[in-house]
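Notes for the structure review
So you can see what is in the structure, the chains are spelled out below.
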Amino acid sequence: MTVYKAFKNFYIFLIVLAVVVGAGTAGLAAYELYYKDESVYVTSKYGSTGDEVRKIQQKLADLGYSVGSVDGIYGQRTQNAVKAFQRNVGLTSDGIAGPATLLYLGLGGSSSGNSTTYSDADVQLLGKVISAEARGESYEGQVAVGAVILNRVAHSSFPDSISGVVYQAGAFSCVYDSNWYEPISETSKKAALDALNGWDPSGGAVYYFNPAKTNDAFMHSRPVIKIIGNHYFCS
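So, here's what we can say about the structure. (Residues numbered from 1 in each chain as written. Predicted model: local features only at pLDDT ≥ 70, side-chain atom pairs only at ≥ 80, totals over all residues. Heavy atoms only, no water.)

Quick notes on the packing of helix α6 (residues 139–154) against helix α8 (residues 186–196)
The contact between α6 and α8 brings their axes to 8 Å, and the two run at 50 degrees. Relative to α8, α6 is oriented oblique. Here α6 and α8 pass one another in a crossing that is right-handed. Touching Y139, Q142, V143, G146, A147 and L150 of α6 are T187, S188, K190, A191, D194, A195 and L196, all from α8. In terms of residue class, the contact of α6 with α8 is made up of 7 nonpolar, 4 polar and 2 charged. (Axes fitted to C-alpha atoms, helices over the stretch in contact; angles between N-to-C directions. Helix = DSSP H or I, 4+ residues; strand = E, 2+ residues; numbered from the N terminus. Parallel < 35°, antiparallel > 145°, perpendicular 65-115°, else oblique. Left-handed = near helix turned anticlockwise from the far one by under 90°. Contact = heavy atoms within 4.5 Å. Nonpolar A, V, L, I, M, F, W, Y, C, P; charged D, E, K, R; others polar.)

Here we look at α8
Within the sequence span of α8, burial applies to S188, A191, A192 and A195. Along the axis of α8, the buried residues cluster in a sector spanning 105 degrees; they form a single face. If you follow the buried residues of α8, they end up packed against α5 (120–133) and α6. Of the residues one or two after α8, G198 is the one with positive phi, at around 110 degrees. (Buried < 20%, exposed > 50% of the residue type's maximum accessible area, 1.4 Å probe, protein only. Arc of directions from axis to C-beta.)

Observations regarding the pattern of salt bridges
According to the stated counting rule, one finds 5 salt bridges in the structure shown. Note that K190 and D194 form a salt bridge whose closest N and O atoms lie 3.7 Å from each other. Taken together, the positions of K190 and D194, both in helix α8 and 4 residues apart, correspond to about one turn of that helix. (Salt bridge = Lys/Arg side-chain N within 4 Å of Asp/Glu carboxyl O.)

Describing α5
The terminal C-alpha atoms of α5, which comprises 14 residues, lie 20 Å apart, in line with the 20 Å expected from a rise of 1.5 Å per residue. Of all the positions in α5, only A121, D122, L125, L126, G127, V129, I130, S131 and A132 are classed as buried. (Expected span 1.5 Å × (residues − 1).)

Focus: the pairing of strand β4 (residues 224–228)
Pairing between β4 and strand β5 (residues 231–234): 4 bridges, direction antiparallel. Residue pairing for β5: I228 is matched across the bridge by H231. Between the antiparallel neighbours β4 and β5 lie 2 residues, among them G229 with a positive phi of about 65 degrees. (Pairing = 2+ DSSP bridges.)

These figures come from the coordinates and say nothing about function on their own.
See below:
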């Protein structure tokens, strides 16, 4: 190999090395920027303390999980509650409240005034409920089911996030049956987006039920606003 070819090869090696290192540095910068911009995604785990932990505890308590005192201390009971929640929503049950867990708890979005920014996880979850609850219903009926969930989010008597409403104890039976694990239909995803964009075929309902499938006295006592397909939508 000539001195020229050796120098040329070494020069090419230096260029490649610079590109690789530069790409790695850029990737790291992007990673750091993501977590800087998404500062709400604070990972809390056993031993953590502070306001973030207190928010997690309060949200879990609102959803019916036993956390003990809402004291901002991430102890064993809080960890167990996080694990139980993660199991119920299909996340890895590691007891660590990372980005995905916070999103499903409704603590990963952001709000300003009366407008709420919904995350991709919110859209996915809303579509999942629509798919499980309104499979076989008309498209309008599917959007109406999504609208009921959003109406509950806005209502003072219900949790203030999509995940909070969906996973509120006893609220939606589909969370506990086989339909929950079926693939989300494309129409349900579209219906979720239409509901999030403001279409409310339910007429402002906060309840709905299929009278052929439930004898629940409370549901049958609710004033019916509208009937769409097999569902009665109620106030």
